[in-house]
Every structure is written in C-alpha cells, then in structure tokens.
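Listed below are the residues making up each chain.
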Amino acid sequence: MTTIRYTRYLYHAISRPAMLLSALLLCMLPVLAGCANTNSPAASGSPAVTTATSGAGAEAKDGAHKLTIMLDWYPNAVHSFLYAAEAEGYFAAEGLEVEIQMPADTNDALKLVAAGKVDLALSYQPQVLMARGEQIPVKSIAALVRHPLNHLMVAADSGITRPGELSGRQAGYSSVPLYEAMLNTMVKSDGGDPSSLKLVDVGFELIPALSTGRVDGIMGGFINHEQLILEQEGHPVRSFNPVDYGVPDYYELVLVASEQGLQDSQGFYQKFVDAIRKGQQYVAGHPDEALKLLLAHQEDTAPLDEKIEKRSLEILLPLMDAGSQPFGYQDSASWEKVNQWLSENGLLAGEVDVKNAFINF
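Here the structure is a predicted model, which means the values were calculated and not measured. (Residues numbered from 1 in each chain as written. Predicted model: local features only at pLDDT ≥ 70, side-chain atom pairs only at ≥ 80, totals over all residues. Heavy atoms only, no water.)

Novice: Explain the sheet that holds strand β1 (residues 65-70) to me, please; I cannot follow it from the model alone.
Specialist: Adjacent strands of a sheet form backbone hydrogen bonds with each other and so pair up, either parallel or antiparallel. Taken in spatial order, the five strands line up as β2-β1-β3-β10-β4 in an open sheet, and their pairing is mixed. Here the strands that pair on one side only, and so sit at the sheet edges, are β2 (96-101) and β4 (138-145). Going from strand to strand, the sheet's axes swing by 25 degrees on average, the running direction of each strand aside. The sheet contact formed by strand β3 (residues 120-123) and strand β10 (residues 253-258) spans four bridges and is antiparallel. Of the residues in β10, the one forming a bridge with Ser123 is Val254. On the sheet, helix α9 (residues 259-285) packs against β1, β2, β3, β4 and β10 and is oriented at approximately 140 degrees with respect to β10. (Pairing = 2+ DSSP bridges. Helix = DSSP H or I, 4+ residues; strand = E, 2+ residues; numbered from the N terminus. Axes fitted to C-alpha atoms, helices over the stretch in contact; angles between N-to-C directions. Contact = heavy atoms within 4.5 Å.)

Okay, here's the thing in structure tokens:
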C-alpha cells in the first residue's frame, strides 16, 4: 500500500511556480557539495518542509522500494494520475511504496531533489534548464503537461483583442522574470512595443489585480485555475496562448530526478513512470472517479472547489496526451527551442547541453 503523507504547507491563494533566482541556486551549492545525506530541514531553505528521511535505495517494511515525490503545489487536478496510481495499486504492482509530499514554497521541489532530500519532484521545463545553467544536476524524466497553462489574460470587456494592444498599458505579473520575458515576447511578436508596457509586480494577487481593474492584463495566471476562478466569480477573461505569439511550446509540468538519483535508482524510476502511465490512463478513462480520488486527498489548508477541479481536469487531459507516444514522452526539439528562447532572453546563467537535461523511459 502506498503511503501518502503531506508536509506542512504555507498556502498562498494564487501562488505560482516562481523562477529559480540565481541567489537561491547559488545557495544550493553547499548543500549539493556536503549536505546531500543529511536529514536537516534547513537544507530545504524552509522549516515548513518535512524533507524525506529516506532516499534512493530505501526499503519499506513490506519489502517494497520506497520513493518520495514532492509536488509543485497543493494537490489539484493535475496530480490526479498520482492518486489513481496509488488507489488502483499500480505503484504496489511495481513493488513501490510512494510517499507524496507538498512543498512549503513552489521553489522547494527542484531544490530538494537536487540535494537528494527527495527522490522525485514535479517542476517545469524552463526551470530545469535554468537550473542546469547554474550547474545544478537535475534532469527531467517525463513531460506531464505538454503545453503552457500560463496564458496572458485580460478582462473580456476590456476591448483588448490581442497582446500587442497592451502597449502603453499596465500589465501585472507574479514576481517572475520568466513571465516578464514571456509577456515582452508576446507583445513584440504581435507588433506592439514591449518597452512601453507599465509592468506591475502584483505578487500573488493576480486575480484581484485583474478583477478590480488595477491592471489591464496579467501574466502568470493559469487557464485551469486563475481563469476558471475569475469566470466563476463573474469576471470573464480573454486569454492568449503564448505559443501563438513567439513563445516556444514548452512543457508546463515535468517529472524531475537528480543525476545521482538516476545513477543509483534508474530502474526504480522506470517502474514509477510505468505506474503513472497506468494512472494517467485510468484518469483519462474514468475522470469522475479520478476526481473523487483527488478530492479525498485535498489539503485542509487548501480546500478544493469540485466544479473548478472538474473543469480543470477537462482542460488538462488533452494537454497531457502524448498522442502516439507514451505518457511522459519528451521531444528533443522542444528542449532545444525552449533552451534557445531562454538564452536569447538572458534567462540562462551559462550554456546548457540539452541532451543532458532530459531522458525518456
């Protein structure tokens, strides 16, 4: 039986994956050099995170191999495949006991897997490349959401019909340089003047910033979350897919391991991927049942809205479908394009060999 345990989580209503800042990554270097085998919560940068006390090679009492995975955010529809794999016995069938943890901060997952404090983590394709640009040895082992969820959003009645029309207006974003670069690319690609944008760092207040008219548009809101909440609260929006305006079609969510973890436990990670593929098949074939499994595991500090999660899952399923390829398959061309765009926008600290940034199982 899979054990699911949640760490204490400092919940932000609109918190979104933040860019790995150079300072945070540099702080990781001592951890990687000498603290990978410690169990101190201090290695996570936050005492609110309960780090894994058993890493690669751990054995559960029943003889199953124990793996820990840290989510990117609180449990929501995108994680349904994990709970399906647990409930339907797919992890157990592979001889695995999987412990699911929640981060205290959206940056924690990537940092902790790099430090060997958890075996696996959910993160984002651009962040993996930026981390590798800082010589942080992490690698994506599966693409889970294959297309951007983060869209530029404006109020439906704003009169703004395309990104270029934001020129000279106020645009809110959530403290993330990556999102600023995306916004600039979209406006420029659409014939607008990104230098005329009046950028407003609204932090976690994306929804109120747009709904109250504080800003004319927001970057950092997800179509399966912020857009749905805004619409439910009576604030319909028009959203623009960054892929249509110069931003490469990146993987929004990926499964990440450390290079050391892959060296030590690649066979077990293969078993994990095999199990979540079955989990995703279950979700696709039984969305209502999968939603019930998710709701049974919602976090008390971040209760889920069933209507929102149902719509979210409907949006997510086609974006997670790899077509003729197995769930999780990664295309080298995607990694090349995203890496080039990040480099052109000054978001990489060093050169990245994309061949070493991912592996397909």
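On we go.
Novice: Whenever I open this one, the environment of Asp105 confuses me. Can you help?
Specialist: Residue position: Asp105 is located in the loop between β2 and α4 (108-114). Overall, Asp105 belongs to the partly exposed group, its relative accessible area being 33%. For Asp105 and Trp73, which are 32 residues apart along the polypeptide, the C-alpha to C-alpha distance reads 7.9 Å. (Buried < 20%, exposed > 50% of the residue type's maximum accessible area, 1.4 Å probe, protein only.)

Novice: What should I look at first to understand the packing of helix α2 (residues 80-87) against α9 in this one?
Specialist: Geometry of a packed helix pair, given as the angle between the helix axes and the separation of the axes. Packing of α2 against α9 leaves a shortest axis separation of 7 Å and a crossing angle of 100 degrees. On the basis of their axis angle, the class for α2 and α9 is roughly perpendicular. Contacts between α2 and α9 involve Ser80, Phe81, Leu82, Ala84 and Ala85 on the former and, on the latter, Phe272, Ala275, Ile276, Gly279, Gln280, Tyr282 and Val283. For the contact of α2 with α9, the class distribution of residues is nine nonpolar, three polar and no charged. (Parallel < 35°, antiparallel > 145°, perpendicular 65-115°, else oblique. Nonpolar A, V, L, I, M, F, W, Y, C, P; charged D, E, K, R; others polar.)

Novice: Can you walk me through the sheet that holds strand β5 (residues 150-155) in this structure?
Specialist: Strand order across the open sheet formed by five strands is β7-β6-β8-β5-β9, with mixed pairing between neighbours. Across the chains shown, the open sheet's two edge strands, defined by having one partner strand only, are β7 (198-201) and β9 (237-240). Shown here is a sheet whose adjacent strand axes are inclined to one another by a mean of 35 degrees, direction ignored. Bridge count for strand β6 (residues 170-173) against strand β8 (residues 217-222) is three bridges, and the pairing is parallel. Following the sheet pairing, Gly172 is matched in β8 by Ile218. Across the face of the sheet, helix α6 (residues 177-189) comes into contact with β5, β6, β7, β8 and β9 while running at roughly 125 degrees to β8.

Novice: Quick question: what am I supposed to make of the environment of Tyr83 here?
Specialist: In this fold, Tyr83 is placed in helix α2. In this structure, the C-alpha to C-alpha distance between Tyr83 and Gly279, residues 196 residues apart in sequence, is 7.7 Å.

Novice: How should the confidence of the model for the chain be read in this particular structure?
Specialist: Chain-level pLDDT for the chain is 87 on average; 83% of the residues reach the 70-or-more range. Segment residues 1-57: pLDDT under 50, and 152 contacts once partners within four positions in sequence are set aside and those in other chains are kept. (pLDDT = per-residue confidence, 0-100.)

Novice: Would you mind going over α9 with me for this structure?
Specialist: Residues spaced three or four apart along an α-helix point in a common direction, a consequence of the helix completing one turn every 3.6 residues. End to end, α9 covers just 34 Å across 27 residues, shorter than the expected 39 Å (1.5 Å per residue, more than 12% under). Along α9, the largest kink reaches about 90 degrees and is centred on Ser265. (Expected span 1.5 Å × (residues − 1). Bend = angle between axes of the 7 residues up to and from the residue.)

Novice: Before we go on, may I ask you to explain α2 in this structure?
Specialist: Burial analysis of α2 places seven of its eight residues in the buried class, the great majority of the element. Taken together, the buried positions of α2 are occupied by Ser80, Phe81, Leu82, Tyr83, Ala84, Ala85 and Glu86. Looking one or two residues past α2, Gly89 carries a phi angle of roughly 80 degrees, positive in sign.

Novice: What is the right way to look at the nonpolar core in this model?
Specialist: In summary, soluble globular proteins display a tendency toward joint burial of nonpolar side chains. Residues Leu255 and Phe272 are the most contacted members of the largest nonpolar core, which totals 115 residues. Here this core takes eight residues from α9, the largest share from any one element. Setting aside residues up to four positions removed in sequence, Phe272 forms contacts with Leu67, Ile69, Leu82, Phe91, Leu96, Val98, Leu120 and Leu255. (Core = buried A, V, L, I, M, F, W, Y, C linked by side-chain atoms within 4.5 Å.)

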